Every structure is written in C-alpha cells, then in structure tokens.
Amino acid sequence: MAIERTLSIIKPDAVGGNHIGAIYSRFEEAGLKIVGAKMLHLDDEKAGGFYAEHKERPFYNDLVSFMTSGPVVVSVLEGENAIAKHREIMGATNPAEAAEGTIRKDFASSIDENAVHGSDSAESAKREIAYFFSDNEVLDRTR
Ligand code: RTP
Ligand code: MG
C-alpha cells in the first residue's frame, strides 16, 4: 500500500466546540501522521476558492459563510492509504448517516456544519495541500 498525503480541515464548528485535540487523536489512532498544520481564519476569497467546484450548488453561499465564521485548523496527514482512511474515519457528509465511532457521528451537528473536511481523491489532495501549504511547510517525519 502506498504512503499518501491528504488535506484535513477541522471546521469552525469543531474548533468552536474545543474538539481539535479529540479529532487529532482520531487521526493518530488511525495511524495518520500530522506533517503540516496551521490555524487560519478564512476570508470569502480563500474559502470560496477552496470550494470552487461547488460554486453552482444551492448550498455554496451558506458553505462559504460557515467556513469563514470562525477559525479552522488545516493539516496535512500522511500514512498508508491516507486519503481513503481519512474519509473513512470522518464518516458520511451528513452526520445523520455517519457510522458509529466516526468523527462526524461524534462531533458534527448537521450536513451544513459537519466538523471536518478531507480530500476525496489523489488529485484533490495534491491541489488542496498546495492551496494551503508551501513545500517547506510540509515536513519530513520519516526519521
Ligand atoms: P468536504 O468536502 O467538506 O470534506 O465534505 P464532503 O466531501 O463529504 O462533501 P461535498 O460533497 O464535497 O460537499 C462539501 C460540503 O458542502 C456541504 N454540503 N451541503 N446541504 C447539502 O446538501 C450539502 N451538501 C454538501 C457540506 O458541509 C459538505 O461538507
Ligand atoms: Mg468534498
């Protein structure tokens, strides 16, 4: 299995609920290493650009206003099969449909305020990591 990197965002609802450490623990317990991390308060341009693929969707404006409503924690996670593993521990987009023991089941309140983001493919991961991190902000933790 290949070592992959993926982008995680702990969204404003989960940061506001003081769940950063609990969510980081889920990543580490799943064998994912945090190799880049920063806390940011996104503006409309940065959040809107990140979710540009959803620009024509009815929920886009609400999504951007939620993502700019408070600080987020943006991280790069590394590990075997990291992209799919991260999506699995996050759970379904709608927390009402998320499996027991997933991050969204335990920390999200609705489909609009659903605690975390994770890249959905290798292409998305590459683009999303570069959207928030320069090369020297993603660190080598292999030693
Ligand atoms: P994310 O991108 O945030 O990791 O979530 P996802 O892949 O599970 O879901 P995606 O389809 O990419 O949608 C991005 C975010 O938009 C909000 N959403 N609302 N009201 C709705 O029908 C609806 N659908 C999506 C969610 O907050 C979702 O995380
Ligand atoms: Mg998505």
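Definitions and limits used
Residues numbered from 1 in each chain as written. Chains lettered and ligands numbered in written order. Predicted model: local features only at pLDDT ≥ 70, side-chain atom pairs only at ≥ 80, totals over all residues. Heavy atoms only, no water. Phe/Tyr/Trp six-rings, centres within 6.5 Å; stacked < 30°, edge-to-face > 60°. Buried < 20%, exposed > 50% of the residue type's maximum accessible area, 1.4 Å probe, protein only. Helix = DSSP H or I, 4+ residues; strand = E, 2+ residues; numbered from the N terminus. Lys NZ or Arg CZ within 6 Å of the ring centre and 35° of its normal. UniProt positions renumbered as here; feature names shortened; annotations may be inferred. Contact = heavy atoms within 4.5 Å. Pairing = 2+ DSSP bridges. Axes fitted to C-alpha atoms, helices over the stretch in contact; angles between N-to-C directions. Polar contact = N/O pair within 3.5 Å; in protein donor to acceptor, adjacent residues only side chain to side chain.

For this particular structure, what's the right way to read the packing of aromatic side chains?
Aromatic rings considered in pairs are described by the distance between their centres and by the relative angle of their planes. This model, assessed by the stated rule, comprises 5 aromatic pairs. Ring centres of Phe50 and Tyr51 lie 5.0 Å apart, and the angle between their planes is 80 degrees; this geometry places the pair in the edge-to-face category. For Phe50, a relative accessible area of 4% puts it in the buried group. Both rings, one in Phe50 and one in Phe132, keep their centres 5.4 Å apart while their planes meet at 50 degrees; by these two values the pair is tilted. Here Phe50 is found in helix α3 (residues 44-50), whereas its partner Phe132 is found in helix α7 (residues 122-132), with 82 residues between them in sequence. Of the two residues, Phe50 and Phe132, both sit in the buried class. Members of the aromatic cluster, connected to one another through ring pairs, are Phe50, Tyr51, Tyr131 and Phe132. Just above the ring of Tyr131 sits the side chain of Lys46; from NZ or CZ to the centre is 4.3 Å.

Whenever I open this one, the UniProt feature "active site" in the chain confuses me. Can you help?
Mapped onto the present numbering, the UniProt feature "active site" falls at His117. Here His117 lies in strand β4 (residues 116-118). Residue His117 is classed as buried on the basis of its relative accessible area, which comes to 10%. If we skip the residues at most four places from it in the chain, His117 touches Leu7, Ser8, Ile9, Lys11, Phe50, Tyr51, His86, Met90, Arg104 and Glu128.

Would you explain the sheet that holds strand β2 (residues 33-40) in this entry?
The pairing of strands in a sheet happens through backbone hydrogen bonds and is either parallel or antiparallel. The 4 strands are arranged β2-β3-β1-β4 in an open sheet whose pairing can be described as antiparallel. Here the strands that pair on one side only, and so sit at the sheet edges, are β2 and β4. Sheet twist, expressed as the average angle between the axes of neighbouring strands with direction ignored, equals 20 degrees. Relative to strand β3 (residues 72-80), strand β1 (residues 3-10) runs antiparallel, the two being bridged by 8 bridges.

Looking at this model, I keep getting lost on the side chain of His54. Mind explaining?
With respect to the helices and strands, His54 occurs in the loop between α3 and α4 (60-67). Once you skip the residues sitting within four places of it in the chain, His54 turns out to touch Phe59, Tyr60 and Leu63.

What exactly am I supposed to notice about the UniProt feature "binding site: ATP" in the chain here?
Per the UniProt record, "binding site: ATP" is annotated on Lys11, Phe59, Arg87, Thr93, Arg104 and Asn114. With respect to the helices, strands and loops of the structure, Lys11 is situated in the loop between β1 and α1 (12-16). With a relative accessible area of 4%, Lys11 lands in the buried category. Beyond its immediate sequence surroundings of up to four residues, Lys11 is in contact with Tyr51, Phe66, Met67, Pro71, Val72, Arg104, Asn114, Ala115, Val116 and His117. Relative to the assigned elements, Asn114 resides in the loop between α6 (103-107) and β4. With a relative accessible area of 3%, Asn114 lands in the buried category. Once residues lying within four places of it in the same chain are set aside, the contact partners of Asn114 are Lys11, Asp13, Thr93, Pro95, Arg104 and Ala108. Of the polar contacts made by the side chain of Asn114, one reaches the side chain of Lys11; its length is 2.7 Å.

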